[in-house]
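Structural features, examined
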Amino acid sequence: SAFGISQTAIALSREVEFYQWVERSEEKKQKKLGGGEEIVTTYFYEKKWVSEPVDSSSFHDPDARARKVNSQLIAVEDQTVYATDVTFGPCRLPEFMIRSISGDRPFDVKMSDEAKAAMQKAVMDAHAHQLYSSGTRVAVHPASAPASVTAPDVVHQQGSVVYVGRSPAAPNVGDVRVTFSAVYPADISIIAKYNGNTFEKVYASNGKTVSRLSMGVVSADHMFGKAHSSNSTWTWILRVVGIFLVIGGLKSIVAPLSVLAGVIPLLGDIVGAGTGIVCTLLGSAWSFIIIAIAWLLLLVGDGASSFIYFQF
């Protein structure tokens, strides 16, 4: 609504970028007089498009803090808004499914005249001293501007982009560009519980919820196959993480032994290597036993759920 832009779509998104001074650093080692080394950090500054405003008051170089001051012509953030009435055949989709539909594409924006005029006025009122210019930038307030100095157009529309600044071809610090995209109606396939004129998640006996949405017309076998593959991948990721956590916990428990043995340097290294090997073997064995028990419980469980596959 801030831009007066609307579309017949499932979702409407804006991505915001700011033209800002950005700090980067480089570290180099150099020798000191009298021997030894020190790390010297050099800071560099450049103007570039970034996704969030940069606080120039936090720059490390005091001169940069005074001379390379960041601003922004409008305060705006990334945002996605979703349609509330999205239908799937004769049914209405719930919000969690609407948010799962993908495939956003840029479109040519057309701001309403009222929104463009309001944004133009707001920017000029807040940043007139930056934007009035006759060849080069001068500090002129609108109330005292000479007749020959007219208010510049600071709100530009180019394809899917709304640009706020003097010139899209020559950006200045503080300029903002907003890129719009939309998700349009498309074919989808879903796994869910059919309830009246809508759908809801399936609740399994273990308390977990099940639902899935795929773009395009996809067979039930393919959707269940992908869901099973995804679950298997996450299961093994969590298993590996669990194994490392168990091994790390055991090593933490026996760590004092290597510290005590470290009184004798060689003995400390031997004890440290030995306890590491023992903890790795014991932790791995312990973890695989737990994994096997969980797998057996899953086999004898009765948490099977049934689904119906609909196509409209």
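If you're wondering where the values come from, they're calculated on a predicted model, not measured in any experiment.

1. Some details on the pairing of strand S1 (residues 11–31)
The pairing of S1 with strand S3 (residues 79–82) spans 4 bridges and is antiparallel. Along S3, the bridge assignment pairs Ser13 with Thr80. Inspection of the sheet shows S1 paired to strand S11 (residues 176–183) by 8 bridges, in the antiparallel sense. Opposite Glu17, over in S11, you have Arg177 as the bridge partner. In this sheet, strand S2 (residues 37–50) lies alongside S1 in antiparallel orientation, the contact comprising 14 bridges.

2. Focus: the pattern of salt bridges
A complete count under the given rule lists 8 salt bridges for this structure. Between Glu26 and Arg24 there is a salt bridge, with the nearest N and O atoms lying 3.2 Å from each other. Among the residues examined, Arg24 registers a relative accessible area of 39% and is labelled partly exposed. Linking Glu200 and Lys193 is a salt bridge whose minimum nitrogen-to-oxygen distance equals 3.7 Å. A single salt-bridge network, built from bridges that share partners, covers Arg24, Glu26 and Glu46.

Here is what the cut-offs are and how they apply
- Residues numbered from 1 in each chain as written.
- Predicted model: local features only at pLDDT ≥ 70, side-chain atom pairs only at ≥ 80, totals over all residues.
- Heavy atoms only, no water.
- Pairing = 2+ DSSP bridges.
- Helix = DSSP H or I, 4+ residues; strand = E, 2+ residues; numbered from the N terminus.
- Salt bridge = Lys/Arg side-chain N within 4 Å of Asp/Glu carboxyl O.
- Buried < 20%, exposed > 50% of the residue type's maximum accessible area, 1.4 Å probe, protein only.

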